[in-house]
Amino acid sequence: MSMGTNEKTTALIPSVSADGGQPFSNSTKHSIPENGPEINPFEEDLEKKAKRMRCEADPNHLYTVSMSELYQTTYQSRPPIIDGLLYSGAYILAGAPKIGKSFLVAQLAYHVSTGDSLWGYEVRQGTVLYLALEDDFQRIQSRMFMMYGVNDTEHLFFATAASKLGSGLDEQLTNFIQEHPDTKLIIIDTMQKIREVSGEAYSYANDYDVIGKLKLFADKHGVCVLTVHHTRKQPAGDSFEMISGTTGLLGCADGALLMQKKRRTALAATLDVAGRDQQDQILYLMKDPDTQIWSLERTENEPHREPPDPVLAAVAALVSSENREWTGSPTELANQVNVGLAANALTKYLNIRYSRLLDEYHVRYRNKARHSGRRVTLTYMLIDNPAYTVVG
């Protein structure tokens, strides 16, 4: 099967600030930075640093943040891997045995590794690690050839053996990410192969601990860890209660994808999607009997899209590909955009809407204390040059 070629017409401007911020990705498809889960463009003052250090030194000291401090800090939202479907964090893909889960995750892996959109959903390109722990390399080769022919990719890696969770897997995954810092997605097929079996293997606490460890790893490295799991045979009132194990699995996960068929031999399937960072939806899929590739027939509950934000639009209008940077005081910014917000209220608003300003309007907002007072810097993060490559 031949895959289409993506046209890259815009590219990110690399971060060149001297404040120690992490560089941006070498992907030219999206304007999402490669920072961790939290970005703070404010220089932390001495009081905050001392407070944080006391908490780190004394485990009995509770670190708290006031509402005012909360509004004075910018936090980046969880970056999408596949917009509307997968975000960074710990996810579960559950389904009955032999209904096509491995072909589905192989399809997800291929699209993330190539950056090709999937079913109309935008994909954030990056390296993918697929732990196919119930397969061998010959079977993986046959599966990928059946699906994509000779259209291979250097950004998709497979392993057929790995250590258990808590007994070496963390180190193996960390080493892989160090070797491939653009890793976006790690697939574990299946959960049973990496969990340590104990006398309470299926207790709520044990299930919560399994996903909790995967979530901790995913959050630390800013990746999506998608774990394949099985469903129970008996029906349930809530379809997600069919996931094998206790509610601890779903309770700790950032999201879940539940794959179901009316008959095991049917070509049609449904994929229920639920998560903290996306709207619940149901995808109706159809499998090609020759390639085993899943196509999207229709969806229920289309992903919510926020209406245009006039404040962000006014702020974003200050910069462009011709005028890439604007600098001034918060008061000068409030006067120039003239959206009816005082300077203090406007900067709080931009702190809270930081991610949307960057992701949708391609403008990076920074607010730093100087000797002369606070200075706001707006930077336009795209350039119109398809050959441009960002140096990470």
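One numbering rule holds for all chains: residues counted from 1, following each sequence as written. Where local features are concerned, this predicted model is filtered to residues with pLDDT of at least 70; where side-chain atom pairs are given and counted, the filter is 80 or more; whole-chain, interface and lining totals use all residues. Here the side-chain values reflect all heavy atoms present in the structure, with hydrogen atoms and water set aside.

## Some words on the sheet that holds strand β14 (residues 363-370)
In space, the three strands of this open sheet follow the order β13-β15-β14, with antiparallel pairing throughout. Each edge of the open sheet is held by one strand with a lone partner, namely β13 (325-328) and β14. Taken over all neighbouring pairs, the strand axes of this sheet differ in orientation by 15° on average, direction set aside. When DSSP finds at least two bridges between two strands, those strands are taken to pair. Secondary structure elements are defined from DSSP: runs of H or I of at least 4 residues count as helices, runs of E of at least 2 residues count as strands, and each element is numbered from the N terminus. Pairing of β13 with strand β15 (residues 373-380) involves four bridges; the strand directions are antiparallel. Bridged to Thr327 within β15 is Thr377. Against the sheet, helix α11 (residues 354-361) makes contact with β14 and β15, and its axis sits at roughly 140° relative to β14, the strand it touches most. Axes, fitted as lines to C-alpha atoms, cover a helix only where it is in contact. Angles between the N-to-C directions of the axes lie from 0 to 180 degrees. Contacts are assigned to residue pairs that have any heavy atoms within 4.5 Å of one another.

## Description of the pattern of salt bridges
Every case where a carboxyl oxygen of Asp or Glu lies within 4 Å of a side-chain nitrogen of Lys or Arg is listed as a salt bridge. Counted according to the given criterion, the structure contains nine salt bridges. Here Asp135 ties to Arg139 by a salt bridge, and the two come within 3.2 Å at their closest N and O atoms. A salt bridge links Glu300 to Arg298, with the nearest nitrogen and oxygen atoms 3.8 Å apart. Each residue gets one of three labels from its accessible area relative to the maximum for its type: buried under 20%, exposed over 50%, partly exposed in between, using a 1.4 Å probe on protein chains only. Using a relative accessible area of 30% as the deciding quantity, one classes Glu300 as partly exposed. Three or more residues joined by partner-sharing salt bridges are found here, namely Lys215, Asp219, Asp254 and Arg276.

## Some details on a nonpolar patch on the surface
The grouping of Tyr63, Val65, Met67, Leu70, Tyr71, Tyr75 and Ile352 at the surface amounts to a nonpolar patch, some 630 Å² of accessible area in total. Along the chain, Tyr71 turns up in helix α2 (residues 67-71). Note that patches include only residues with greater than 30% relative accessible area and no salt bridge, and the join distances are 9 Å for like charges and 5 Å for nonpolar side chains (Val, Leu, Ile, Met, Phe, Trp, Tyr). The accessible surface values rely on the Shrake-Rupley method and a 1.4 Å probe; as for residues, cover is taken only from the protein chains in view.

## Let's talk about the confidence of the model for the protein chain
The quantity called pLDDT is the predictor's confidence in a given residue, expressed from 0 to 100. Averaged over every residue, the pLDDT of the protein chain is 79; residues scoring 70 or more account for 77%. Predicted confidence for residues 1-43 stays below pLDDT 50, and this span has 122 contacts to residues more than four positions away or in other chains. With pLDDT under 50 throughout, residues 384-392 is counted as low confidence; its partners more than four residues away or in other chains account for 21 contacts.

## Concerning helix α5 (residues 169-179)
Listing the buried residues of α5 in full gives Leu169, Leu173, Thr174, Phe176 and Ile177. End-on, the buried residues of α5 take up no more than an arc of 160°, which puts them together on one face. Looking at α5, the residues exposed on the side facing more than 90 degrees away from the buried face are Gln178 and Glu179. Each C-beta atom gives one direction from the helix axis, and the arc is the one those directions make.

## Thoughts on the side chain of Ser321
By secondary structure assignment, the location of Ser321 is in the loop between α8 (310-316) and β13. Judged by its relative accessible area of 18%, Ser321 is buried.

## Looking at the sheet that holds strand β7 (residues 183-189)
If you walk across this open sheet you meet the nine strands as β6-β5-β7-β8-β4-β9-β10-β11-β12, and the pairing is mixed. In this open sheet, the two edge strands, each paired with only one partner strand, are β6 (156-159) and β12 (294-300). Within this sheet the neighbouring strands show an average axis-to-axis angle of 20°, counted without direction. Of the pairings in the sheet, the one linking strand β11 (residues 281-287) to β12 comprises six bridges and is antiparallel in character. Counted as the bridge partner of Leu285 is Leu296 from β12. Most of the contacts of helix α3 (residues 101-114) go to β7, to which it runs at about 165°, and overall it touches β4 (89-95), β5 (127-132), β6, β7, β8 (224-230), β9 (255-260), β10 (268-275) and β12.

## Comments concerning the pairing of β10
In the sheet, β9 pairs with β10 via six bridges, with the strands oriented antiparallel. The residue of β10 that forms the bridge with Leu258 is Asp272. Here β10 pairs with β11 via six bridges, running antiparallel. Within β11, the residue paired with Thr270 across the bridge is Tyr284. Connecting the antiparallel pair β10 and β11 is a turn made up of five residues.

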